[in-house]
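Analysis of the macromolecular model
Residues per chain are reported as follows:
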Amino acid sequence: KSELIRILIKNKTPREGEQIVNAIIRAYMAVEVSNSVRGGDEKLGVLEDEYRTLSEKLQRQRKIVRQMSEEFGTAALTGRQDMMLQQVTMLQSELTKLQTHKISLEAQIEMLEKAEEETLPLEKVMEMKSTILKNDIQMTSLSNQVSQLEQGLIVANQTLTAENPEIKRRTQLLEMMKKKMME
């Protein structure tokens, strides 16, 4: 009871009828096998096309990732780069303190030289001291900002490529701040 189609042929010679039935069954099986193989080939062709499409899409995505990594570099710092950044931060902080102290000493020298040239009234001395302190606070603030910009530029140089517009922008901003500090 496993037949798919039941074939009955009435013939005077049973042997001849059996051969006809067997021939029909073989022909039917050959057609079905052919159709099955063709269907499998079609499915295989569809799967191969889909594989090619997905493979091309993957290649395009990898190319985009590679371009982005070349443009923006990597955000992860190595242990050595992190140590260098900490050392630069410490040195810039020390530089800022020294620059502030230098400005303060220059202001004191200037006040002493002016005091020798002429004796100023107390109000004028207080006004000059206020101006110097105000300028000193501004210089301290500018020095801190320049220090932060330099740190940011160092990090950007380590994580971004030289062609990145962010590096150019940060460099220009740093130069402008240094000019303002020299005024």
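Note that the coordinates shown come from a computational prediction; the quantities given were computed from them, not determined experimentally. (Residues numbered from 1 in each chain as written. Predicted model: local features only at pLDDT ≥ 70, side-chain atom pairs only at ≥ 80, totals over all residues. Heavy atoms only, no water.)

What follows deals with the overall build of the protein. A tally of helices and strands in the protein yields 4 helices and 0 strands. By the burial criterion, 15% of the 183 residues in the protein qualify as buried. Of the contacts formed within the protein by residues at least 6 apart in sequence, a portion of 66% connects residues at least 24 apart. Summed over all atoms, the accessible surface of the protein reaches about 15,200 Å², with 59% contributed by carbon and sulfur. (Helix = DSSP H or I, 4+ residues; strand = E, 2+ residues; numbered from the N terminus. Buried < 20%, exposed > 50% of the residue type's maximum accessible area, 1.4 Å probe, protein only. Contact = heavy atoms within 4.5 Å. Areas by Shrake-Rupley, 256 points an atom, 1.4 Å probe, with all protein chains shown as cover.)

A word on the nonpolar core. Generally speaking, soluble globular proteins have nonpolar side chains that are buried together. Residues Met139, Leu142, Val146, Leu153, Ala156, Leu160, Ile167, Leu174, Met177 and Met181 constitute the largest nonpolar core, which totals 10 residues. At the level of elements, helix H3 (122-159) and helix H4 (165-182) are the ones that each hand at least two residues to this core. Considering every element that reaches this core, the biggest residue donor is H3, with 5 residues. Leu153 has contacts with Ile167, Arg170, Thr171 and Leu174, leaving out every residue within four places of it along the chain. (Core = buried A, V, L, I, M, F, W, Y, C linked by side-chain atoms within 4.5 Å.)

Glancing now at the pattern of salt bridges. Tallied over the entire structure, the rule returns 5 salt bridges. The partner of Asp49 in a salt bridge is Arg52, and the shortest N-O contact between them spans 2.3 Å. Of the two residues, Asp49 and Arg52 both sit in helix H1 (residues 14-72), 3 residues apart, roughly one turn of that helix. According to the relative accessible area criterion, Asp49 is partly exposed, its value standing at 40%. Taking relative accessible area as the criterion, Arg52 reaches 44% and is therefore assigned partly exposed. Its salt-bridge partner being Lys102, residue Glu106 comes within 4.0 Å of it at the nearest N-O pair. In this pair, Glu106 and Lys102 both sit in helix H2 (residues 79-117), 4 residues apart, roughly one turn of the helix. Taken together, the shared-partner salt bridges in this structure form one network comprising Glu166, Arg169 and Arg170. (Salt bridge = Lys/Arg side-chain N within 4 Å of Asp/Glu carboxyl O.)

Within the secondary structure layout, Thr89 lies in helix H2. Since its relative accessible area comes to 30%, Thr89 is described here as partly exposed. On a C-alpha basis, the gap between Thr89 and Ile154 in space is 9.9 Å, while along the polypeptide they are 65 residues apart.

A few words now on H4. Taking 1.5 Å of rise per residue, 18 residues should cover 26 Å, and H4 covers 26 Å from first to last C-alpha, within 8% of that figure. Every buried residue of H4 is accounted for by Ile167, Leu174, Met177 and Met181. The arc that holds every buried residue of H4, seen down its axis, measures 95°, which confines them to one face. Turned more than 90 degrees away from the buried face of H4, the exposed residues are Pro165, Gln172, Met176 and Lys179. (Expected span 1.5 Å × (residues − 1). Arc of directions from axis to C-beta.)

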